[in-house]
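Overview (structure and organization)
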Amino acid sequence: MAEEYITTTTLATPENQPSSGLTPPQESNSTHQVLATETETPEKATETNPPENSVAAAAQPEVTPGEHHPPKVTETETASTEKKETSEKEEAAEEDKRIPQNLGSFKEESSKLSDLSDSEKKSLDELKHLVRDALDNHQFGSVPKPEDGSNAPEEVTIWGVPLLKDDRSDVVLLKFLRARDFKVKDSLAMLKNTVKWRREFKIDELVDEDLVDDLDKVVFMHGHDREGHPVCYNVYGEFQNKELYNKTFSDEEKRKHFLRTRIQFLERSIRKLDFSSGGVSTIFQINDMKNSPGLGKKELRSATKQAVQLLQDNYPEFVFKQAFINVPWWYLVFYTVIGPFMTPRSKSKLVFAGPSRSAETLFKYISPEQVPVQYGGLSVDPCDCNPDFSLDDPASEVIVKPGTKQTVEIIIYEKCEIVWEIRVIGWEVSYKAEFVPEEKDAYTVVVQKPRKMKPFDEPVLTQSFKVNELGKVLLTVDNPTSKKKKLVYRFSVKPL
């Protein structure tokens, strides 16, 4: 049977490939040249030649001394056998029955003031007028009204933003309006209650306190999603550690301390947001339910309920999306209880994924280089050392279909050292790497002999090779399973 080849050729440039420190050829004005072709051939091809009149044919530059030329990347899929995805589809269908998916479409409201409808602008103007009256009459209670009868208005700031000053103030007020469906009086009441609670909780002092906790792995910020929202991870499985659980929840005093540390973390994160018109002023929340203690831990349940209530009452419209990953069966019981009490708008912000689809779900919203290694991405903990790559170095994603081989071909045009990171989610594939010189009589160099990667092998492989002659690096993943696999890779090049 003839084998099928599906090839995508991309000229690596700063816009579409990881930064290599190279300067693209001066004569080329193209920043992203892509060609997708499908051909049938009875023999396995080692190199795909696009038609002479295609854009890819012009992508190969002439090597000129003193110039740097970025490598060209070709991804080739070889369907050498016919495999069906039946088992994967059945598995996915079974998980779909158990786990609720995205519960409705949700498009985040624009924070651009110019995008407001006429009725929304009217509500905002009315709220600003009421806030001005409240400040003039010291109704927020931050400071008592002067006894000398002077008319100095009250000054109130929230999340570092004055209530009435500029566009940032309008964006803050819009959050309260949206939380109350643009009902102006209800929005003002919520705002007053929030200012009162912040004063009683001493929020401004709390932000600068030096609180000690052991929850760095429980709640942390890491990277941004594809739209620029900062991402916050909540890892409930850490509370399976009995010592940590008891230190956090064993008595009322510790539970109060836990609440204060979480509020401090949230406040510090919020103050880094952009409250300007059109800025990013919401957070992407990810809740990892793997090994979560569940509903049986009454102390955790009580503390969580209190925290959720405080967030609903005093932090309106700060969540862009709530993603629940590694969702266990028992969470369905919890969701069944709270679901009927949620508004359709709140439900539409929720995303659920079982263990087998967590990485795939995250990649819909967050690029792999921004996702921590433990969740399927390439990003290591900031405390770890990765001198070769950072959050700013983009990765490429490729689907490896069942029973196929996927080869990433990186054509090198100059002497250099190339470093790459590669991973396949869940592995269960064979992987090899080799360098093929351009000279016909030269020997192929085996960088990595074929290796069967097991599910629990190291999640990310980092390898390098010094290129002393022109040629190409081939990274090949052979997927013998009946499941499609997600291949993620990136590379950097340093001229020698």
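Residues numbered from 1 in each chain as written. Predicted model: local features only at pLDDT ≥ 70, side-chain atom pairs only at ≥ 80, totals over all residues. Heavy atoms only, no water.

1. Brief notes about the overall build of the chain
How we decide: Secondary structure elements are taken from DSSP: a helix is a run of H or I of four residues or more, a strand is a run of E of two residues or more, and numbering for both begins at the N terminus. In what follows, a contact means two residues having at least one pair of non-hydrogen atoms within 4.5 Å.
Scanning the chain for helices and strands turns up 11 helices and 18 strands. When contacts within the chain are restricted to residue pairs at least 6 apart in sequence, long-range pairs at least 24 apart make up 78% of them.

2. Considering the packing of helix α7 (residues 252-270) against helix α8 (residues 298-314)
In plain terms, the rule: Here the axes come from fitting lines to C-alpha atoms, over the contacting stretch only for helices, and the angles between their N-to-C directions go from 0 to 180 degrees. With respect to orientation, any angle under 35 degrees is reported as roughly parallel, any angle over 145 as roughly antiparallel, any angle of 65 to 115 as roughly perpendicular, and every other angle as oblique. Crossings are classed by handedness, with left-handed meaning an anticlockwise turn of the near helix from the far one by less than a right angle and right-handed meaning a clockwise turn. When residue character is reported, Ala, Val, Leu, Ile, Met, Phe, Trp, Tyr, Cys and Pro are called nonpolar, Asp, Glu, Lys and Arg charged, and the others, Gly included, polar.
The interhelical angle for the contact between α7 and α8, taken along N-to-C directions, is 40°, at an axis separation of 11 Å. The angle between α7 and α8 falls in the class oblique. The hand of the α7/α8 crossing is right-handed. Together, R255, F258, L259 and L266 of α7 and E299, A303, Q306, A307, L310 and L311 of α8 make up the contact between the two elements. Partitioned by chemical class, the residues of the contact of α7 with α8 number 7 nonpolar, 1 polar and 2 charged.

3. Some thoughts on the packing of aromatic side chains
Which entries qualify depends on this criterion: Aromatic pairing here means that ring centres of Phe, Tyr or Trp (its six-membered ring) are within 6.5 Å. Orientation follows from the plane angle: under 30 degrees is stacked, over 60 is edge-to-face, and everything else is tilted. Charge over a ring is defined by NZ of Lys or CZ of Arg lying within 6 Å of the ring centre and within 35 degrees of the ring normal.
Counted according to the given criterion, the structure contains 17 aromatic pairs. With centroids separated by 5.2 Å and ring planes inclined at 35°, the aromatic side chains of F435 and F465 adopt a geometry described as tilted. Placement of the pair is F435 in strand β14 (residues 429-437) and F465 in strand β16 (residues 461-467), with a sequence separation of 30 residues. Counting every residue linked through ring pairs, the aromatic cluster contains W159, F176, W197, F201, F275, Y315 and F318. In this structure, K175 packs its charged tip against the face of F318, placed 4.4 Å from the ring centre. Over the ring of Y245 we find K297; its NZ or CZ atom is 5.0 Å from the centre of that ring.

4. Quick notes on a negative patch on the surface
The line we're drawing: Patch membership is restricted to residues that have no salt bridge and whose relative accessible area is over 30%. Joining uses 9 Å for like charges and 5 Å for the nonpolar side chains Val, Leu, Ile, Met, Phe, Trp and Tyr. Method for areas: the Shrake-Rupley scheme with a 1.4 Å probe, in which residue coverage is limited to the protein chains shown. A carboxyl oxygen of Asp or Glu within 4 Å of a side-chain nitrogen of Lys or Arg is what we treat as a salt bridge. His is not counted, nor are the chain ends, whereas Lys and Arg count as positive and Asp and Glu as negative. One atom stands in for each charge, and that atom is NZ of Lys, CZ of Arg, CG of Asp or CD of Glu. The rule is simple: take the accessible area with a 1.4 Å probe, protein chains only, and divide by the maximum for that residue type; under 20% is buried, over 50% is exposed, in between is partly exposed.
Where like charges cluster on the molecular surface, the negative patch consists of E438, E439, D441 and E469. Tracing the backbone shows E438 in the loop between β14 and β15 (445-453). We classify E438 as exposed; its relative accessible area is 53%.

5. Topic: the environment of W330
Its location among the elements puts W330 in helix α9 (residues 330-338). Distance in space between the C-alpha atoms of W330 and G294 is 7.3 Å, their sequence separation being 36 residues.

6. As for the pattern of salt bridges
For the coordinates displayed, the defined rule picks out 17 salt bridges. Measuring nitrogen to oxygen at the nearest pair gives 2.4 Å for the salt bridge that ties D214 to K247. A residue pair is termed long-range when its members are at least 10 positions apart, and D214 in the loop between α5 (203-207) and β6 (219-224) and K247 in helix α6 (residues 242-249) qualify at 33 residues. Accessibility expressed as a relative area gives 44% for D214, which makes it partly exposed. The exposure class of K247 is partly exposed, given its relative accessible area of 44%. A salt bridge links R226 to E397; the nearest nitrogen and oxygen atoms lie 2.9 Å apart. Within this pair, whereas R226 is found in the loop between β6 and β7 (230-235), its partner E397 is found in strand β11 (residues 396-400), the two being separated by 171 residues in sequence. Accessibility expressed as a relative area gives 30% for E397, which makes it partly exposed. In the salt-bridge network here, residues are joined through shared partners; they are R198, D204, E267 and R271.

7. Digging into the confidence of the model for the chain
Detailed reading of predicted coordinates is not advised where the pLDDT is low. We apply this condition: The predictor's confidence in any single residue is recorded as pLDDT, a number from 0 to 100.
Across the chain, the average pLDDT comes to 80, with 75% of residues at or above 70. Mean pLDDT across the elements of the chain bottoms out in strand β2 (residues 34-41) (30) and peaks in β14 (97). Segment residues 1-66 is flagged for pLDDT under 50; beyond a separation of four residues in sequence, or across chains, it makes 127 contacts in the model. This stretch, residues 80-89, has a pLDDT under 50; its non-local contacts, to residues over four places away or in other chains, come to 15 contacts.

8. Focus on the sheet that holds β11
Using the following cut-off: Strands are treated as partners if at least two bridges between them are detected by DSSP.
The sheet built from 4 strands is open, its strands ordered β11-β18-β13-β16 with antiparallel pairing. Bordering the open sheet on either side are β11 and β16, each of which pairs with just one other strand. Averaged over all neighbouring strand pairs, the angle between strand axes comes to 25°, with direction disregarded. Summarising the sheet, strand β13 (residues 416-424) and β16 pair through 7 bridges and their orientation is antiparallel.

9. Let's talk about the nonpolar core
Grouped burial of nonpolar side chains is what soluble globular proteins tend to show. Definition in use: Nonpolar core, defined: a set of buried Ala, Val, Leu, Ile, Met, Phe, Trp, Tyr and Cys residues in which side-chain atoms within 4.5 Å join the residues together. Start and end points for every domain follow an automatic or database-based domain assignment.
In this structure, V131, F140, W159, F239, F275 and Y315 are the most contacted members of the largest nonpolar core, which totals 53 residues. Listing elements by their share of this core, those giving two or more residues are α2 (118-136), α3 (167-179), α4 (184-201), α5, α6, α7 and α8. A per-element tally of this core places α4 first, with 7 residues. Two domains share this core, each providing at least three of its residues, namely domain 1 (113-142 + 152-201) and domain 2 (206-375).

10. Some details on the sheet that holds β7
One open sheet holds the 5 strands; their spatial order is β6-β7-β8-β9-β10, and the pairing between them is mixed. If you trace the sheet from one side to the other, it starts and ends with β6 and β10 (350-352), each paired once. The sheet shows a mean angle of 20° between the axes of neighbouring strands, taken without regard to direction. In this structure, β7 lies alongside strand β8 (residues 283-288), joined through 5 bridges in parallel fashion. The residue bridging V231 from the neighbouring strand is F284, located in β8. Contacts between α7 and the sheet are confined to β6, β7 and β8, with β6 contributing the most and set at about 20° to the helix. Helix α11 (residues 358-365) contacts β8, β9 (319-325) and β10 of the sheet and is inclined by roughly 165° relative to β9.

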